[in-house]
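For reference, the chains in residue letters:
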Protein chains: 2
Amino acid sequence: MSVTAAKGFTAAGIAAGIKDSGNPDLALVVNNGPRRAAAGVFTSNRVKAAPVLWSEQVLKGGEVTAVVLNSGGANACTGPQGFQDTHATAEKAAEVLTGHSAGEIAVASTGLIGLLLPMDKLLPGIEKAAAALSEHGGEKAAIAIKTTDTVHKTAVAGGDGWTVGGMAKGAGMLAPGLATMLVVLTTDADVEASALDAALRDATRTTFDRVDSDGCMSTNDTVLLLASGASGIAPAQAEFAAAVQTVCADLARQLIGDAEGSSKDIRIEVVNAATEDDAVEVGRSIARNNLLKCAIHGEDPNWGRVLSAIGTTKAAFEPDRLNVAINDVWVCKSGGVGEDRDLVDMRYREVKITADLAAGDESAVIWANDLTAEYVHENSAYSS
Amino acid sequence: MSVTAAKGFTAAGIAAGIKDSGNPDLALVVNNGPRRAAAGVFTSNRVKAAPVLWSEQVLKGGEVTAVVLNSGGANACTGPQGFQDTHATAEKAAEVLTGHSAGEIAVASTGLIGLLLPMDKLLPGIEKAAAALSEHGGEKAAIAIKTTDTVHKTAVAGGDGWTVGGMAKGAGMLAPGLATMLVVLTTDADVEASALDAALRDATRTTFDRVDSDGCMSTNDTVLLLASGASGIAPAQAEFAAAVQTVCADLARQLIGDAEGSSKDIRIEVVNAATEDDAVEVGRSIARNNLLKCAIHGEDPNWGRVLSAIGTTKAAFEPDRLNVAINDVWVCKSGGVGEDRDLVDMRYREVKITADLAAGDESAVIWANDLTAEYVHENSAYSS
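Residues numbered from 1 in each chain as written. Chains lettered and ligands numbered in written order. Predicted model: local features only at pLDDT ≥ 70, side-chain atom pairs only at ≥ 80, totals over all residues. Heavy atoms only, no water.

Chain A goes by Arginine biosynthesis bifunctional protein ArgJ in an unreviewed UniProt entry, where it is assigned to Streptomyces silvae. Here is the UniProt Function (unreviewed entry) comment for chain A, exactly as written: "Catalyzes two activities which are involved in the cyclic version of arginine biosynthesis: the synthesis of N-acetylglutamate from glutamate and acetyl-CoA as the acetyl donor, and of ornithine by transacetylation between N(2)-acetylornithine and glutamate." (UniProt positions renumbered as here; feature names shortened; annotations may be inferred.)

Following this line, the structure appears as structure tokens:
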């Protein structure tokens with residue numbers, strides 16, 4: 001499982017002392033080749049953390065030897081010193097993994113914005129992590145990147161003789177473009193950087209980019225895909241892309257299932273839209289409606305709030321042709337009252353909302369969470 | 001105060017039995033002339049309640065004799081029957097106020113979406129309200145339009161010999177274009193419909209349209225301005241518009257102060273923006289950031305969440321030139337750490353966030369609320 005499911009990778013997760021709690025907070029993932037191809041997708045937030053600015057540059061070369069990830073601090077909004085700290089992190093990893101340059105080391109950070117990282121702890125931590133590198137280190141790496149996550153997240157897929165594996169963290173600031181998360185995927189398939197990039201962008205577009213837990217976009221989102229080629233197998237692009245998609249979808253679903261303070265996972269499917277963009281726009285508008293999120297928390301099939309959310313979009317539809325189902329009961333038909341809302345059973349964690357725009361053949365699925373007092377508590381009681 | 005502060009108006013607020021609680025739920029405001037000029041601004045939600053569709057048509061004539069307002073049901077997403085019910089409401093009011101046609105009667109409704117109104121109670125209620133009409137009825141009318149409002153809202157302003165007064169309701173679904181609210185303003189100034197319209201649009205653009213309590217846009221928002229001309233005075237347009245602005249700003253501020261479950265009123269001022277549109281876009285992005293709203297609730301000056309919200313916009317700015325103050329302490333300077341966050345005192349209900357984009361000379365103020373467990377409770381424990 002995790003980032004060491006694929007051959008050619010070693011990983012470690014250790015406690016460097018960045019977190020006051022003493023919990024694991026530093027992960028190292030190393031690609032031992034023979035290939036070191038890589039692709040990356042980063043937050044579209046214009047306020048980008050130092051490690052995002054750094055890793056975007058590293059990825060332009062299409063080669064990554066190792067990724068250093070830390071929890072316990074986002075290194076965002078930290079100015080020139082923050083960027084220097086990221087640079088020093090990459091330099092240190094290059095030095096420890098002899099024979100490589102800092103320009104091949106990606107860095108990812110997560111935690112509170114606006115605080116400098118304790119480099120006196122982080123840099124020795126890299127030495128400690130390098131000493132702990134193992135072909136079985138994937139789980140520990142996944143644990144070390146957790147912040148408010150209650151569980152670590154890993155997934156694996158693949159084909160005949162080759163594997164795609166990955167790990168993810170993210171529990172708040174989960175919204176499109178991307179979610180607040182760090183994800184590292186690895187594969188031993190023999191795939192070059194441009195093909196990795198195509199597969200990764202296709203996969204994130206319909207998985208991580210369609211997770212909208214709380215409408216808040218992070219400064220640190222990073223999704224990396226590294227290929228070692230160690231299996232010696234070069235799968236067809238479609239087959240490879242499908243495996244990447246499977247792992248991304250699995251991890252994205254796990255992120256929603258562990259979102260801060262959530263009690264419901266909401267699967268919003270918009271159908272019969274004129275365009276896929278319309279379907280996504282409507283799905284996101286529903287996903288972000290706080291009143292609806294509260295209603296779902298209260299197990300109230302309040303379809304009026306769905307319609308009022310749809311009405312704020314520019315998508316093609318006629319109000320009197322809209323249909324809405326909650327858990328397959330069509331509580332709204334033709335823009336008005338439909339089946340009896342008392343038929344809707346909302347006791348289970350997963351809730352399905354289907355919005356039929358009656359305007360075409362396109363569709364999209366957005367995943368969201370409910371809004372709870374626990375979410376408020378978790379995000380107001382202390383800085384995160 | 002309220003809608004009867006201006007001469008030429010009578011009003012009433014009674015309990016028609018629409019609300020199960022037996023609380024007042026029907027208001028009637030009548031313009032006794034001599035002039036019956038009117039202007040209106042309505043929700044920009046594309047899913048519009050029947051009374052909005054009706055009143056938009058009525059307002060095209062530029063004349064309104066009376067407004068019937070009910071709480072206890074929004075008459076939204078109610079199909080052809082809902083529209084017939086609004087029509088019947090106007091017909092009944094025209095019949096009771098002899099000598100007028102239904103085409104001069106505006107209707108506004110607020111409450112749960114997707115339920116037909118109990119017309120067997122509403123229509124007799126109009127007779128009861130007409131019998132109770134009084135030059136002192138403004139307060140009772142303001143009380144009758146409350147839903148989850150804890151207090152009724154009225155305001156008054158004016159000039160030498162003329163007055164603008166008004167009432168408002170709205171406590172949830174408060175967001176631009178417009179907020180979830182019903183507002184009726186009256187004046188005895190002698191102003192024609194086109195001038196009323198200009199003054200009202202100017203005023204709502206920078207008051208009600210800049211209130212964003214919870215990011216949720218209503219299907220029923222209605223703001224009406226009626227002029228009786230009963231003072232015989234025709235003020236200069238600028239003077240009149242300023243009075244309308246004053247009353248709208250006063251009522252908008254009251255809406256924020258009474259928003260569902262809120263414990264903080266957040267005044268977000270975006271300064272040094274390249275354009276006013278940029279300032280508004282950034283202000284709204286900050287206003288709608290759930291993580292920031294939670295932090296403000298927790299009295300945590302978490303400026304990183306302000307920056308991450310700014311970063312999601314298309315406004316002109318450079319990340320390393322952004323400055324943010326919370327209650328006048330510049331906790332973020334040049335995109336990084338600024339003054340000591342421990343200097344920020346957030347004990348009081350009103351919290352001021354200043355975002356300096358360092359990109360121009362334009363500015364805008366958006367009002368928002370914090371996100372609390374009480375908001376979640378109020379909107380999940382029962383349908384509204």
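**Details of the overall build of chain A**
Secondary structure assignment for chain A yields 10 helices and 16 strands. For chain A, the spread of C-alpha atoms along the three principal axes comes to 70 × 50 × 35 Å. Only carbon and sulfur atoms are counted for the fraction: they give 49% of the accessible area of chain A, which is about 12,800 Å². Positive and negative side-chain charges in chain A, numbering 31 and 49 respectively, have mean positions lying 2 Å apart. (Helix = DSSP H or I, 4+ residues; strand = E, 2+ residues; numbered from the N terminus. Areas by Shrake-Rupley, 256 points an atom, 1.4 Å probe, with all protein chains shown as cover. Lys, Arg positive; Asp, Glu negative; His and termini not counted. Charge placed at Lys NZ, Arg CZ, Asp CG, Glu CD.)

**Side note on helix H6 (residues 237-257) of chain A**
End to end, H6 of chain A covers 30 Å across 21 residues, agreeing with the expected 30 Å (1.5 Å per residue, within 8%). Considered for burial, the residues of H6 of chain A that qualify are Phe240, Ala241, Ala243, Val244, Val247, Cys248, Leu251, Ala252, Leu255 and Ile256 of chain A. (Expected span 1.5 Å × (residues − 1). Buried < 20%, exposed > 50% of the residue type's maximum accessible area, 1.4 Å probe, protein only.)

**Here we look at the pattern of salt bridges**
Using the criterion set out here, one finds 35 salt bridges over all chains in the structure. Linking Arg347 of chain A and Asp345 of chain A is a salt bridge whose minimum nitrogen-to-oxygen distance equals 2.7 Å. Judged by its relative accessible area of 57%, Arg347 of chain A falls in the exposed class. Residue class for Asp345 of chain A comes out partly exposed when judged on its relative accessible area of 31%. Where Arg253 of chain B meets Glu350 of chain B, a salt bridge forms, and the shortest distance between an N and an O atom there is 3.0 Å. You can see Arg253 of chain B sitting in helix H6 (residues 237-257) and its partner Glu350 of chain B sitting in strand E15 (residues 350-356), a full 97 residues away along the chain. The partly exposed category is assigned to Arg253 of chain B, whose relative accessible area is 27%. The network of salt bridges with common partners includes Arg253, Asp265, Arg349 and Glu350 of chain A. (Salt bridge = Lys/Arg side-chain N within 4 Å of Asp/Glu carboxyl O.)

**Some points on the interface of chain B and chain A**
Contacts between the two partners involve 52 residues from chain B and, on the opposite side, 52 residues from chain A. Buried surface at the junction of chain B and chain A, both sides included, amounts to about 3,800 Å², of which 59% is carbon and sulfur. Across the chain B-chain A interface, the total number found is 0 salt bridges. Where chain B meets chain A, there are 11 residue pairs in polar contact (both at pLDDT 80 or more). Counting residues per element, the ones that place at least two in the side of chain B that touches chain A are helix H8 (290-297), helix H9 (303-310), strand E14 (336-337) and helix H10 (373-380) of chain B. Looking at the side of chain B that touches chain A residue by residue, the class counts come to 23 nonpolar, 22 polar and 7 charged. (Contact = heavy atoms within 4.5 Å. Buried area = accessible area lost by both parts, 1.4 Å probe. Polar contact = N/O pair within 3.5 Å; in protein donor to acceptor, adjacent residues only side chain to side chain. Nonpolar A, V, L, I, M, F, W, Y, C, P; charged D, E, K, R; others polar.)

**Thoughts on the relation of the copies chain B and chain A**
Aligned on chain A, chain B shows an RMSD of 0.0 Å; the corresponding rotation is 180° and the shift along the axis is 0.0 Å. What the superposition gives is, in effect, a two-fold axis relating one chain to the other. Relative to the rotation axis, the closest C-alpha in chain B is found at Ala373 of chain B, a distance of 2.1 Å. Both copies present the same face, since 100% of the interface residues in chain B are matched by interface residues at the equivalent positions in chain A. (Least-squares fit on C-alpha atoms with pLDDT ≥ 70 in both.)

**Let's talk about the pairing of strand E13 (residues 329-333) of chain A**
All names here are of chain A. Here strand E12 (residues 323-326) runs beside E13; their pairing, made up of 2 bridges, is antiparallel. Looking at E13, one finds that Ile326 is bridged to Val329. Connecting E12 to the next strand, E13, in antiparallel fashion are 2 residues, including Asn327 with a positive phi near 45°. Pairing of E13 with strand E14 (residues 336-337), which is carried by 2 bridges, proceeds in the antiparallel orientation. Bridge pairing in E14 links Lys333 to Gly336. Linking E13 back to E14 in an antiparallel pair, the connection comprises 2 residues, with Ser334 at a positive phi of about 50°. (Pairing = 2+ DSSP bridges.)

**Quick notes on unusual backbone geometry**
Put simply, Gly33 of chain A and Pro34 of chain A share a cis peptide bond, and its omega is 15°. Within the secondary structure, Pro34 of chain A is located in the loop between strand E2 (26-31) and strand E3 (37-42). With phi around 55°, Glu299 of chain A is a residue other than glycine that occupies positive phi space. Among the secondary structure elements, Glu299 of chain A is positioned in the loop between helix H8 (290-297) and helix H9 (303-310). With relative accessibility at 37%, the residue Glu299 of chain A sits in the partly exposed group. The backbone phi angle of Cys77 of chain B is positive, close to 60°, even though this residue is not glycine. Classification of Cys77 of chain B as buried rests on a relative accessible area of 7%.

**Remarks on the packing of aromatic side chains**
Aromatic rings considered in pairs are described by the distance between their centres and by the relative angle of their planes. In this structure the tally under the stated criterion is 4 aromatic pairs over all chains. Seen in terms of ring centroids, Trp162 of chain B and Phe240 of chain B are 6.0 Å apart; in terms of plane orientation they differ by 50°. Their pairing is tilted. Taken together, the positions of Trp162 of chain B in strand E7 (residues 162-169) and Phe240 of chain B in helix H6 put the pair 78 residues apart, joining distant regions of the chain. Just as Trp162 of chain B is buried, Phe240 of chain B falls in that class too. In this structure, Arg46 of chain A is placed above the aromatic ring of Phe317 of chain B, and the distance from its NZ or CZ to the ring centre is 3.9 Å. (Phe/Tyr/Trp six-rings, centres within 6.5 Å; stacked < 30°, edge-to-face > 60°. Lys NZ or Arg CZ within 6 Å of the ring centre and 35° of its normal.)

**Thoughts on the pairing of strand E1 (residues 9-14) of chain B**
Each regular strand carries side chains that alternate between the two faces of the sheet. Residues and elements named next belong to chain B. Across the 6 residues that make up E1, a large majority, 6, are buried. Burial of the side chains of E1 extends over both faces: Phe9, Ala11 and Gly13 are buried on one face and Thr10, Ala12 and Ile14 on the other. Across 6 bridges, E1 lies against strand E2 (residues 26-31) in antiparallel orientation. Bridged to Gly13 within E2 is Ala27.

**Some thoughts on the side chain of Asp265 of chain B**
Residues and elements named next belong to chain B. With respect to the helices and strands, the residue Asp265 is situated in strand E11 (residues 265-273). In this structure Asp265 comes out as buried when scored by relative accessible area, which is 3%. Of the polar contacts made by the side chain of Asp265, one reaches the side chain of Arg253; its length is 3.1 Å. Setting aside anything within four residues of it in sequence, one finds Asp265 in contact with Arg253, Ile256, Gly257, Arg349, Glu350, Val351, Trp367, Ala368 and Asn369.

**Focus: the confidence of the model for chain A**
Mean pLDDT for chain A: 90, with 96% of residues reaching 70 or above. When mean pLDDT is taken per element in chain A, helix H3 (residues 119-131) of chain A scores highest with 98 and strand E9 (residues 211-212) of chain A scores lowest with 76. (pLDDT = per-residue confidence, 0-100.)

**So, the environment of Glu339 of chain B**
Residues and elements named next belong to chain B. Structurally, Glu339 is set in the loop between E14 and E15. For Glu339, a relative accessible area of 31% gives the class partly exposed. Spatially, the C-alpha atoms of Glu339 and Ala325 are 9.0 Å apart, while their sequence positions differ by 14 residues. Residues contacting Glu339, with those up to four places away along its chain left out, are Val329, Trp330, Val331 and Lys333.

**Comments concerning the domain arrangement of chain A**
Residues and elements named next belong to chain A. Assigned domains within chain A: domain 1 (2-254) and domain 2 (265-380). On a C-alpha basis, the centroid separation for the pair domain 1 and domain 2 is 33 Å. The partner domain 2 presents 16 residues to the 12 residues of domain 1 that form the contact. Both sides of the domain 1 and domain 2 interface together cover about 1,200 Å² of buried area, and 38% of this is carbon and sulfur. Our count for the contact surface shared by domain 1 and domain 2 stands at 3 salt bridges. (Domains from an automatic or database assignment.)

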